[in-house]
Amino acid sequence: QVQLVESGGGLVQAGDSLRLSCAASGRTFSLYAMGWFRQAPGKEREFVAAITRSVGSTYYADSVKGRFTISRDTAKSTVYLQMNSLKPEDAAVYYCAAGWVPTTTRNEYNYWGQGTQVTVSS
């Protein structure tokens, strides 16, 4: 079992930056690939970024490539999502997830956090 707790969301203006954190507890953090997803009102939860178990490969949705960076700190059992040049369309509840592989498919993640709200004003 893995517990995930996101933090760092908030209200920002377009063009600003935010860093989301997801702290993991329970089973060994390094066993899991980690992902970030987001869900805007009335829309399905969509893939944002993922990172492999060992620091190395990262994956991004086309909509955030070049603006967002996923990283992980194994010593702190934490995964981060650095979001730069935020746009109004980035506004959503952001969720972190843990799974065996860094997939874009949400159903393949085993554990989820409760989400953190990101609001971007234009």
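It should be noted that the structure appears before, not after, this text.
Everything in this summary refers to the structure shown in the same document. Counting of residues starts from 1 at the beginning of each chain's written sequence and follows it residue by residue. Restriction of local features to residues with pLDDT of at least 70 applies here, the model being predicted, together with a cutoff of 80 or more for giving and counting side-chain atom pairs; totals for whole chains, interfaces and linings are based on all residues. Think of the side-chain values as coming from all heavy atoms in the structure, minus any hydrogens and water.

In this structure, Ser77 is a non-glycine residue whose phi angle is positive, near 50°. Even without a glycine there, the phi angle at Ser85 is positive, about 50°. A run of H or I in DSSP counts as a helix once it spans at least four residues, and a run of E counts as a strand once it spans at least two, with each numbered from the N terminus. Its place among the elements puts Ser85 in the loop between strand E8 (78–83) and strand E9 (92–99). Think of it in three bands: with a 1.4 Å probe and only protein chains considered, a residue is buried below 20% of the maximum accessible area for its type, exposed above 50%, and partly exposed in between. With relative accessibility at 41%, the residue Ser85 sits in the partly exposed group.

Among the structural elements, Thr116 can be located in strand E11 (residues 116–121). As used in this structure description, the phrase polar contact means that two N or O atoms lie within 3.5 Å; if the pair is within protein, one of them must be able to donate a hydrogen and the other to accept it, and residues adjacent in sequence are counted only when both atoms belong to side chains. For Thr116, the side chain forms a polar contact with the main-chain nitrogen of Gly9, separated by 3.1 Å. The contact criterion used throughout is that any non-hydrogen atoms of two residues lie within 4.5 Å. Those residues in contact with Thr116 that sit more than four places away from it in its chain are Glu6, Ser7, Gly8, Gly9, Leu20, Ala92, Val93 and Tyr94.

Moving on to the pattern of salt bridges. Close approach of charged atoms lets side chains of opposite charge pair. For salt bridges, the criterion is a side-chain nitrogen of Lys or Arg within 4 Å of an Asp or Glu carboxyl oxygen. The final tally for this structure, using the stated rule, is five salt bridges. Across the pair Glu46 and Arg38 runs a salt bridge, and its minimum N-O distance is 2.6 Å. The exposure class of Glu46 is partly exposed, given its relative accessible area of 36%. The class of Arg38 is buried, set by a relative accessible area of 6%. Ionic pairing is found between Arg38 and Asp90, a salt bridge with its closest N-O pair at 2.9 Å. Remark: Asp90 occurs in the loop between E8 and E9 and Arg38 occurs in strand E4 (residues 33–39); sequence separation between them is 52 residues. Ionic contacts of the salt-bridge type, sharing partners, join the residues Arg38, Glu46, Arg67 and Asp90 into one network.

Once that is clear, we can look at the environment of Ala61. Looking at the element boundaries, Ala61 is found in the loop between strand E6 (58–60) and strand E7 (68–73). Judged by its relative accessible area of 13%, Ala61 is buried. Considering only alpha carbons, one finds Ala61 and Tyr109, 48 residues apart in sequence, at a separation of 17 Å. Setting aside anything within four residues of it in sequence, one finds Ala61 in contact with Phe47 and Val48.

Now for the environment of Gly115. Note that Gly115 resides in the loop between strand E10 (109–112) and E11. When the C-alpha atoms of Gly115 and Glu6 are compared, they prove to be 5.9 Å apart, with 109 residues separating the residues in sequence. In this view, Gly115 contacts Glu6, Val93, Tyr94 and Tyr95; residues no more than four positions away in its chain are not counted.

Taken together, the four strands give an open sheet; going across it, the order is E1-E3-E8-E7, and neighbouring strands pair in antiparallel fashion. Strand pairing shows two members of the sheet lacking a second neighbour, strand E1 (2–7) and E7, which therefore form its edges. Direction aside, neighbouring strands of the sheet carry axes that sit 15° apart on average. Any two strands are treated as partners once DSSP identifies two or more bridges connecting them. Examined bridge by bridge, E1 and strand E3 (residues 18–26) share six bridges and lie antiparallel to one another. Angles here are taken between N-to-C directions and fall from 0 to 180 degrees, while the axes themselves are lines fitted to C-alpha atoms, restricted in helices to the stretch in contact.

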